[in-house]
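A look at the structure
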Amino acid sequence: MVAKKRTAGVAGAGEESLAEAIAGELNKASKEGQKAFFIGEEETPTDLSDFISTGSSLLDLAISNRPNGGIAVGRITELAGLEGSGKSLICAHMIADVQKDGGVAVLIDSEAAVNAEFFEAVGIDMSRLVYIPCDNLEEAFEHVEMIIERIRKNAKNNKKVLIIIDSLAALLPKAELELGFEQQGFGTQKAKLLSRAMAKLVQLIARQRIALVLTNQLRMKLNAQPFADPYITPGGKAVPFYASTRVRLSMSGPIKNANKEQIGVNVNAKIIKNRLGPPNRVVKFDVFYDRGIDDVSSWLAFLKEKEIITGTNGRFTFVDQHGEEHKFQTSTWKEFTKTHPETFEEIYTKISEAMIMSYKSDGLSTLDGTAVIVEANDGALDFEGVSDS
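Bear in mind the structure is a predicted one, so any value in this text is a computation, not a measurement.

About the criteria used
- Residues numbered from 1 in each chain as written.
- Predicted model: local features only at pLDDT ≥ 70, side-chain atom pairs only at ≥ 80, totals over all residues.
- Heavy atoms only, no water.
- Buried < 20%, exposed > 50% of the residue type's maximum accessible area, 1.4 Å probe, protein only.
- Helix = DSSP H or I, 4+ residues; strand = E, 2+ residues; numbered from the N terminus.
- Pairing = 2+ DSSP bridges.
- Axes fitted to C-alpha atoms, helices over the stretch in contact; angles between N-to-C directions.
- Core = buried A, V, L, I, M, F, W, Y, C linked by side-chain atoms within 4.5 Å.
- Contact = heavy atoms within 4.5 Å.
- Salt bridge = Lys/Arg side-chain N within 4 Å of Asp/Glu carboxyl O.
- Polar contact = N/O pair within 3.5 Å; in protein donor to acceptor, adjacent residues only side chain to side chain.
- Parallel < 35°, antiparallel > 145°, perpendicular 65-115°, else oblique.
- Nonpolar A, V, L, I, M, F, W, Y, C, P; charged D, E, K, R; others polar.

1. Regarding the pairing of strand β16 (residues 325-329)
Only one face of β16 is buried: it carries H326 and F328, and the other face, with E325, K327 and Q329, is open. Where strand β15 (residues 315-319) meets β16, five bridges bridge the pair, whose relative direction is antiparallel. Looking across to β16, one finds that V319 is bridged to E325. Here β15 hands over to β16 after five residues, with G323 in that stretch at a positive phi of 85°.

What follows is the structure, encoded as structure tokens:
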């Protein structure tokens, strides 16, 4: 991003504003990489300009709140879920997207469970994937820091770099690995190590074209209260705090063929934390065992829900911007999108319009009587705006 030229504000011509004076003094004393910025007028570490697709257009839109988005480069993302919910699968689609864009992907694997044939089917060039087997937490983050330092020294690097740690739950501190099976581990050591690692890496990642993705397991809470979230991720609060985006995955049902054989699953993805857009969105997509996420097929349920298409019993109609009707069936939907590229783009635009939330300020305040507090069904407090007109 090219820095914009600052214009004179309150200060007179040739005079330096107080804000500029403060920034100037700070920059004189700042260390390398700790410059003070004017956001919106200069390129800053918090800018979002590059994204990596998860393989699902709906999930990309829900996370980034913009067309053709995905997870943000320069941020930390956590994918958590129960076993078989698609965490490693989404990582595979991310690797394929980065490679397709000419970038570099690094997989730090603590589970020794890479299926090379499936990775190639998803679109990964295995000869370009940097694969690092790892068995302890300290070593994993030493690798990450080494990669960041190597990129930082290469001033000419303009490629996106994706670093995946799959998974945090399988990584133990060195001290615990050295214990016997019958000995008790150090319950808080992993959390302390993660806290130090996250605090150290978050700014380093933001200053480079790096996306760090961490997969994690969901574990049941002991003595969870009724109606409370029964799940927790291991490793303490550091990852939930420092991650810009946290996605929780779960299976919602099987996909079967005409012979009643299960050939895939339907996956729910809930964004439980998001600094790129609104949180608490839920999207669904189809995962097939032989090819991964079937993105376009996953659109149909959303299109019906938002009434972008109409119809029943597997026969649907889409009316384009010119008033022309396009008819298709569930079985011919994917072929329809290939043979009608302009209609496909229009449908994607309508999905984007339905998903993207615009930020606005309406002057709503709880202190001046313009809002009242109402109790939601679950007992949580909610705000309901009241118009003065």
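2. Points about the sheet that holds strand β5 (residues 130-133)
Pairing in this open sheet of nine strands is mixed, and the strands run β5-β4-β6-β7-β3-β10-β11-β12-β13 from one edge to the other. Each edge of the sheet is formed by a strand with only one pairing partner; in this case those strands are β5 and β13 (292-294). Ignoring which end each strand starts from, the neighbouring axes of this sheet average 25° apart. Bridge count between strand β3 (residues 76-81) and strand β7 (residues 210-217): six bridges; the pairing is parallel. Residue pairing in the sheet places T77 in a bridge with V213 of β7.

3. Looking at the nonpolar core
L59, L162, W333 and I351 are the most contacted members of the largest nonpolar core, which has 57 residues in total. Ranked by the residues each element gives to this core, the list is headed by helix α3 (residues 87-100), at eight residues. For W333, the contacting residues outside a window of four places in its chain are V296, S297, W299, L300, L303, F328 and I347.

4. Some remarks on the pattern of salt bridges
Applying the stated rule across the entire model yields ten salt bridges. Notably, a salt bridge pairs E78 with R246, separated by 2.5 Å at the nearest N-O pair. Of this pair, E78 sits in strand β3 while R246 is found in strand β10 (residues 245-256), placing the two residues 168 residues apart along the sequence. The two residues E78 and R246 agree in class, both being buried. Between D101 and K160 there is a salt bridge, with the nearest N and O atoms lying 2.9 Å from each other. A residue pair is termed long-range when its members are at least 10 positions apart, and D101 in the loop between α3 and β4 (104-109) and K160 in the loop between α5 (137-153) and β6 (161-166) qualify at 59 residues. With a relative accessible area of 7%, K160 lands in the buried category. Bridged by salt links that share partners, the residues D290, R291, D294 and K334 form one connected network.

5. Some details on the side chain of S64
Within the secondary structure layout, S64 lies in helix α2 (residues 57-64). In this structure the side chain of S64 is engaged in a polar contact, spanning 3.3 Å, whose partner is the backbone nitrogen of G70. Not counting residues within four places of it along the chain, the set of residues in contact with S64 comprises F51, G69, G70 and L276.

6. Looking at the packing of α5 against helix α7 (residues 189-206)
Two elements in contact, α5 and α7, have axes whose closest approach is 11 Å; the angle formed by their N-to-C orientations is 10°. For the element pair α5 / α7, the angle class is roughly parallel. Where α5 approaches α7, its residues L137, E138, F141, V144, E145 and I148 are matched on the opposing element by K190, L193, L194, A197, M198, K200, L201, L204 and I205. Residues belonging to the contact of α5 with α7 are distributed by class as follows: eleven nonpolar, no polar and four charged.

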